[in-house]
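Residue-level structural notes
Below, each chain spelled out in residue letters.
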Amino acid sequence: EDQVTQSPEALRLQEGESSSLNCSYTVSGLRGLFWYRQDPGKGPEFLFTLYSAGEEKEKERLKATLTKKESFLHITAPKPEDSATYLCAVQGPGAGSYQLTFGKGTKLSVIP
Amino acid sequence: GAGVSQSPSNKVTEKGKDVELRCDPISGHTALYWYRQSLGQGLEFLIYFQGNSAPDKSGLPSDRFSAERTGGSVSTLTIQRTQQEDSAVYLCASSVTTNSPLHFGNGTRLTVT
C-alpha cells in the first residue's frame with residue numbers, strides 16, 4: 001500500500017526566512033510525485049510533478065526536489081502570500097495508477 | 001478559461017436524507033475524479049471516470065455512495081441515507097488524460113446534523 005508522510009504538520013516562518021517541507025513516501029514503482037497548494041476554502045492547486053530521483057522543478061520562490069525516498073519543497077525568502085497548506089501526492093504503478101495517494105499536508109504560515 | 005465548477009459550495013442536511021453533489025469539469029478533460037477530504041486527513045480517492053469506460057468505484061466507502069457521469073461531462077455524486085461520518089469536503093477534479101495533473105474544484109462542504 002502506498003504511503004505518504006509530510007512533515008512538519010505546521011510551520012511558521014518570518015517573511016524572508018527560507019525553509020523546506022518534507023514528503024516521505026513508500027510506493028512500489030513511482031510514476032509521479034505531485035505537489036499542490038491549498039488555500040482555505042479552496043481546492044488544491046497544482047504546482048509540480050516530479051518523475052525520477054534527482055529531478056528538480058522551480059516556480060518563483062518554490063523549488064521541488066526528489067530522491068528515491070522523499071521529496072522536498074524548498075521555499076526561498078517566503079512572503080505572506082505563500083501562506084497555505086502544501087500537499088504531496090504519489091502516483092504508483094499498475095492499472096489503478098490514477099488513484100493518487102495524498103499526505104495530510106503541511107500548513108505554512110508566513111508572518112510579515 | 002473556466003475551471004472545475006462544483007455545486008453547491010455548502011450543504012447542510014439531516015441524518016438519513018439523500019444528497020446530490022454536482023461537478024462540471026474543464027471542457028475537453030476526459031478524466032474525472034471524486035475525492036473526499038475529512039478534517040485532519042489526507043484526500044481520499046472515491047471514484048474515477050475516463051471517457052466511455054466503466055468507472056472505477058473501488059474507493060466508494062459504502063453502497064450508500066454512487067456517482068454517474070453523463071455525456072462524458074457533468075458528474076453527480078449521490079449519498080443516500082447520510083450519516084454524520086459523511087461530513088467532509090467533497091472535491092471533484094478533472095485532467096486532460098489519466099497521467100496529466102489534476103485540476104480541482106473548490107469542493108462541496110457537506111455537514112450532516
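Structural notes, computed from the coordinates. Nothing here was measured: the structure is a model prediction, and the numbers come from that model.

**What to know about unusual backbone geometry**
In this chain, A:S7 is followed by A:P8 through a cis amide linkage whose omega measures -10 degrees. The omega angle of the peptide bond from B:S7 to B:P8 is -10 degrees, so this bond is cis rather than trans. One can find B:P8 in the loop between β1 (5-7) and β2 (10-13). Phi is positive for A:E60, which is not a glycine, with a value near 55 degrees. For A:E60, the location among the structural elements is in the loop between β6 (56-59) and β7 (62-66). Assessed through its relative accessible area of 71%, A:E60 is described here as exposed. Despite not being glycine, A:A77 has its phi angle at roughly 45 degrees, a positive value.

**Section: the pairing of strand β6 (residues 65-69) of chain B**
Residues and elements named next belong to chain B. Burial of the side chains of β6 is restricted to one face: F65, A67 and R69 are buried, whereas none of S66 and E68 on the reverse face is. Sheet analysis places β6 next to strand β7 (residues 75-79), joined by five bridges and oriented antiparallel. Looking across to β7, one finds that S66 is bridged to T78. In this structure, the hairpin formed by β6 and β7 is closed by a connection of five residues, where G71 is found at a positive phi of approximately 60 degrees.

Scoring rules and cut-offs
Residues numbered from 1 in each chain as written. Chains lettered and ligands numbered in written order. Predicted model: local features only at pLDDT ≥ 70, side-chain atom pairs only at ≥ 80, totals over all residues. Heavy atoms only, no water. Helix = DSSP H or I, 4+ residues; strand = E, 2+ residues; numbered from the N terminus. Buried < 20%, exposed > 50% of the residue type's maximum accessible area, 1.4 Å probe, protein only. Pairing = 2+ DSSP bridges.

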